[in-house]
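Residue-level listing of the chains:
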Amino acid sequence: MTDAAITDIPLTTLDGRPTTLAELADGAALVVNVASKCGLTPQYTALEQLAKDYRERGLTVIGVPCNQFMGQEPGTAEEIQTFCSTTYDVTFPLLEKTDVNGPGRHPLYAELARATDEDGEAGDVQWNFEKFLLAPGGKVVRRFRPRTAPDAPEVISAIEDVLPR
């Protein structure tokens, strides 16, 4: 699949609306698999701050709920939306609950899993809150493993590098 095609992969928002990355992010995107009952769930705070700080410059944070890691996203779409909005004031788009690994892996994650991390490793998503930075146009430019905070200097630097000056 070409980089441009990743923006055309059919997606569904948490509220059931069909969409694509092209519709959700006309600039850069930070795609993150999220979960409500994970030790890393407080990363929602920094993700929301990134969304607010960089929205005007063309970054869209996109949350992708996933229940594949110890069942840490067990809720319904409505429960996930309520949790995110009331607990973390999340305003960035959320997609429907999605498999990021295994035989039911969503086509978006089949493409994202090809990206390498800082150690040159591609493949399965390790855990909740793995982050993929896409440049405008859909090219995956960086992959950050789950324990890398959304506001870590290397994430901020990578975001700054892909946004228009």
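Residues numbered from 1 in each chain as written. Predicted model: local features only at pLDDT ≥ 70, side-chain atom pairs only at ≥ 80, totals over all residues. Heavy atoms only, no water.

Asker: For this particular structure, what's the right way to read the overall build of the protein chain?
Answerer: A tally of regular secondary structure across the protein chain gives 6 helices and 6 strands. In the protein chain, the succession of helices and strands from N to C terminus is α-β-β-α-β-α-β-α-α-β-β-α. The C-alpha atoms of the protein chain give a radius of gyration of 14 Å, which matches the 15 Å a tight globule of 165 residues would have. Based on the C-alpha atoms only, the size of the protein chain along its principal axes is roughly 40 × 35 × 30 Å. Counting across all 165 residues of the protein chain, residues that qualify as buried make up 52%. Long-range pairs, those at least 24 residues apart, make up 67% of the contacts in the protein chain between residues at least 6 apart in sequence. When the accessible surface of the protein chain is totalled, it reaches about 7600 Å², and 50% of it is carbon and sulfur. Taken together, the 15 basic and 25 acidic charged side chains of the protein chain have centroids lying 2 Å from each other. (Helix = DSSP H or I, 4+ residues; strand = E, 2+ residues; numbered from the N terminus. Rg over C-alpha atoms; globule rule 2.2 N^0.38 Å. Buried < 20%, exposed > 50% of the residue type's maximum accessible area, 1.4 Å probe, protein only. Contact = heavy atoms within 4.5 Å. Areas by Shrake-Rupley, 256 points an atom, 1.4 Å probe, with all protein chains shown as cover. Lys, Arg positive; Asp, Glu negative; His and termini not counted. Charge placed at Lys NZ, Arg CZ, Asp CG, Glu CD.)

Asker: Even after reading the chapter, I still don't get the side chain of Asn 101, so can you show me in this structure?
Answerer: On the secondary structure map, Asn 101 appears in the loop between helix H4 (77-88) and helix H5 (107-112). A relative accessible area of 11% means that Asn 101 is categorised as buried. Of note is the side chain of Asn 101, whose polar atom sits 2.9 Å from the backbone oxygen of Val 125. Leaving out residues up to four positions away in the same chain, Asn 101 has contacts with Gln 68, Phe 69, Asp 124 and Val 125. (Polar contact = N/O pair within 3.5 Å; in protein donor to acceptor, adjacent residues only side chain to side chain.)

Asker: Where do I start with the packing of helix H3 (residues 43-54) against H4 in this structure?
Answerer: Pairs of packed helices are described in terms of their axes, by the angle between the two and the distance that separates them. Across the interface, H3 lies against H4 with an axial gap of 10 Å and an inter-helix angle of 80°. In terms of axis orientation, H3 runs roughly perpendicular to H4. Between H3, through Tyr 44, Thr 45 and Glu 48, and H4, the contact on the second element is made entirely by Phe 83, Cys 84 and Tyr 88. Split by residue class, the contact of H3 with H4 holds 4 nonpolar, 1 polar and 1 charged. (Axes fitted to C-alpha atoms, helices over the stretch in contact; angles between N-to-C directions. Parallel < 35°, antiparallel > 145°, perpendicular 65-115°, else oblique. Nonpolar A, V, L, I, M, F, W, Y, C, P; charged D, E, K, R; others polar.)

Asker: Where do I start with the nonpolar core in this structure?
Answerer: Proteins that are soluble and globular tend to have nonpolar side chains buried together. With 31 residues, the main nonpolar core has Leu 30, Tyr 44, Leu 47, Leu 59, Val 61, Phe 92 and Ile 159 as its most contacted residues. The leading source of residues in this core is H3, at 5 residues. Grouped together as the second largest cluster of nonpolar side chains are 21 residues, Leu 11, Leu 24, Leu 112 and Phe 132 included. (Core = buried A, V, L, I, M, F, W, Y, C linked by side-chain atoms within 4.5 Å.)

Asker: Quick question: what am I supposed to make of the environment of Thr 91 here?
Answerer: With respect to the helices, strands and loops of the structure, Thr 91 is situated in the loop between H4 and H5. Sequence spacing of Thr 91 and Ile 62 is 29 residues, and the spatial spacing of their C-alpha atoms is 9.9 Å. Excluding residues that lie within four positions of it along the chain, Thr 91 makes contacts with Glu 48 and Arg 55.

Asker: For this particular structure, what's the right way to read the pattern of salt bridges?
Answerer: Tallying each qualifying case throughout the model produces 8 salt bridges. The salt bridge involving Glu 111 is made with Arg 114; its shortest N-O contact spans 3.6 Å. Here Glu 130 makes a salt bridge to Arg 143, at a shortest N to O gap of 2.6 Å. One end of the pair, Glu 130, is in the loop between H5 and strand E5 (131-134); the other, Arg 143, is in strand E6 (residues 140-144), with 13 residues separating them in the sequence. Residue Glu 130 shares its accessibility class with Arg 143, and that shared class is buried. (Salt bridge = Lys/Arg side-chain N within 4 Å of Asp/Glu carboxyl O.)

Asker: Even after reading the chapter, I still don't get the UniProt feature "active site" (unreviewed entry) in the protein chain, so can you show me in this structure?
Answerer: Feature annotation in UniProt places "active site" (unreviewed entry) on Cys 38, given in this structure's numbering. Mapped onto the secondary structure, Cys 38 falls in the loop between strand E3 (28-34) and H3. With relative accessibility at 9%, the residue Cys 38 sits in the buried group. Those residues in contact with Cys 38 that lie beyond four places of it in its chain are Gln 72, Trp 127 and Asn 128. (UniProt positions renumbered as here; feature names shortened; annotations may be inferred.)

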